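Breakdown of the fold
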Amino acid sequence: MLSEFWLPSGWAGWVGLRVCGAFLVPAGVPEKALHLSMSLLAVVPSVPSSLSVVSFDHADGASASPELVLRAVSYLRVSTREQAERGGEREGFSIPAQRQANRKTAHGLGAWVVKEFVDAGESARSAARPALTEMLEWICTNRVDIVVVHKLDRLARNRADDVQITQAIADAGARLVSSTEAIDESPSGRLVHGIMASIAEFYSRNLATEVSKGLRQKAMNGGTPNKAPAGYRNVRTFDAQGREARIIEVDEERAQIIRWAFTTYATGEWSLDRLARGMSQLGFTLAPRAGKPPRALTVSVLQRMLRNPYYCGIVTYVGVEYSGTHEPLVDPALWQRVQDALTARRNTSTRDVHTHYLKGLLRCGECGSSMMYNRTRNNHGTLYFYFVCLGRHSGRTSCTLKAQQVHLIEKAVQQLIQQISLTSKERQSVEEQLLAEADAGLREADTGCRELQAREQELRGEQERVLRAYYADAISTDMLKREQDRIRRELLDIAQQLTVIAQQTRHVTSQITEALDQLENVDQRFDIGTEHEKRALCRTLFDKIEVHADAAATGIQRSPFTGAPVTMSEVGHGLVADR
């Protein structure tokens, strides 16, 4: 490879040239002249007439001069894609600033930057960065004397990675140089290196802790700690004082499609694949990413959307749910119906192509395995339909339950539904009892709430008294902290209890009415229902149905049809027993 250096006219004809860093200059030329020539190199856009060209071939092993020229690589990094694209610039502002500083540092050491490696939008908390990996591989196969970074934290944010990366650079025969920090191979330079690397790690970990603390508090206040999901927009606004505020707005165009998706899937008639196609036909797409166009909706993404409680007004952070201040797209009841439909479809067996309204609901009463819907044909071509224990069929268990004929299981399930079905008169009697119990429970809950609220006011007063005592030097700092911690814990416990009571009592009356609506004359609706209607009724009433020998069946009822938290099931069974 041919390298060219611009020297003032007249120098090229001299003999006795000496090598100084990356420049060939006549022997005896003062340092000021050298610095002037380097400055000219950095700023001139073209070859001035007053300069001459001195060239040599890097591949010429016999030439001594090329071997003495220092070669450097520059590593640049910003943590986020926003930093890399800030101001509408192709590389933002930070990367060009780092590049200029690194080149200036390399020139000051008499080295040429022969290659540059840029990680745009990569965190230094991990060493698995594309450009960094490429650089470490490249310097192992190419001669490099210096690796230049703007600051050590551009290279690594923890001590373990810093040690490994620094050692890899040293093993390649290069040395690490920082444009802003005085690190070298001397004892003091190594000390500075270790201190700066430790500071970078502390900064990263402390920042993560503070950010997590702030996001948790934001979630507790009902705010959205992360990017809002599809159907919403993160919006930046400014108040009258010019302060920035970040709020969540509904994206009505996409929100309408999402509401339709929840409502449609709750019917139980649509599969996820069909629903995804339907949303795509309505024009729904996933938001575009940096440099990529909008993407088509996939089944996996759709399932995550339907499982996201954000759409019913719940904010989740680190697994904890908080009541959000954003506008819900669906009500909690609809969201819960969708969850039930997703769970029911997940539990449904898909190993065979035969369909039956009890598929996915039946369990073996002996080993607990799913019951497989199967059919066999005898020698005369007659078809027989059976439910078979999957554990026994696959040999996974030692189950001895034989195959049960489908029509006998259907009859047993019908009897189960008849047992829990209520006539209109029975429904009225049960409803009166349940509403009376619910009313008594609500009064008791209201009393409990008032007691908790009174205790909360007492604790607030204690907080003020403790602070006044501390300001009056009546108690020590340690005592203040202990008392504040105690009061804070008790206040938090009261807040949690109030939240639980509110959640349990919010929809008691409507839940009782909805449950009784399902049970009233359910046997008649089941008898005349279609295959799909029977399937929906069974999954509404039962969590599972256990099958025993001789086609006996036991129904495990779903809440709220079980005995907890309301006693509707117990009352219903008592009336059935009286009949």
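This text goes with the structure placed above it.
These notes cover the structure that comes with them. Small disclaimer: the values here were computed from a predicted structure and weren't measured.

Turning to the environment of Phe238, a few remarks are in order. With respect to the helices and strands, the residue Phe238 is situated in strand 9 (residues 232-238). Setting aside residues no more than four positions away along its own chain, Phe238 makes contact with Arg243 and Glu244.

What follows is about the pairing of strand 16 (residues 371-377). Along a regular strand, successive side chains alternate from one face of the sheet to the other. Direction of pairing for strand 16 relative to strand 17 (residues 383-389): antiparallel, over a ladder of seven bridges. The partner of Thr376 across the bridge, within strand 17, is Tyr384. Following strand 16, the chain reverses through five residues before pairing antiparallel with strand 17; Gly381 in that reversal takes a positive phi of roughly 90°.

Looking now at the packing of helix 9 (residues 272-281) against helix 10 (residues 299-307). Where helix 9 contacts helix 10, the axes come no closer than 9 Å and their chain directions differ by 95°. Judged by the angle between their axes, helix 9 and helix 10 are roughly perpendicular. Where helix 9 approaches helix 10, its residues Leu272, Asp273, Leu275, Ala276 and Met279 are matched on the opposing element by Val299, Leu302, Gln303, Met305 and Leu306. For the contact of helix 9 with helix 10, the per-class residue count stands at eight nonpolar, one polar and one charged.

As a further point, take the packing of aromatic side chains. Considering all chains together, one arrives at eight aromatic pairs under this definition. For the ring pair Tyr357 and Phe526, a centre distance of 5.9 Å and an interplane angle of 75° mean the geometry is edge-to-face. Of this pair, Tyr357 sits in the loop between helix 11 (332-347) and strand 15 (362-364) while Phe526 sits in helix 17 (residues 522-528), and the two are 169 residues apart along the sequence. Side by side, Tyr357 and Phe526 carry an identical accessibility label, which is buried. Ring geometry for Tyr373 against Phe387: centres 5.5 Å apart, planes inclined by 45°, an arrangement best described as tilted. Here the residue Tyr373 occupies a position in strand 16, and Phe387 occupies one in strand 17, the gap between them amounting to 14 residues. Taken as a pair, Tyr373 and Phe387 share a single burial class, namely buried. Here the aromatic cluster, defined as three or more aromatic residues joined through ring pairs, consists of Tyr232, Phe262, Tyr310 and Tyr311. Taking NZ or CZ as reference, Arg274 lies 3.8 Å from the ring centre of Trp270, over its face. Above the plane of the ring of Phe526 lies Lys534, whose end atom (NZ or CZ) is 5.3 Å from the centre.

Criteria and thresholds
Residues numbered from 1 in each chain as written. Predicted model: local features only at pLDDT ≥ 70, side-chain atom pairs only at ≥ 80, totals over all residues. Heavy atoms only, no water. Helix = DSSP H or I, 4+ residues; strand = E, 2+ residues; numbered from the N terminus. Contact = heavy atoms within 4.5 Å. Pairing = 2+ DSSP bridges. Axes fitted to C-alpha atoms, helices over the stretch in contact; angles between N-to-C directions. Parallel < 35°, antiparallel > 145°, perpendicular 65-115°, else oblique. Nonpolar A, V, L, I, M, F, W, Y, C, P; charged D, E, K, R; others polar. Phe/Tyr/Trp six-rings, centres within 6.5 Å; stacked < 30°, edge-to-face > 60°. Buried < 20%, exposed > 50% of the residue type's maximum accessible area, 1.4 Å probe, protein only. Lys NZ or Arg CZ within 6 Å of the ring centre and 35° of its normal.

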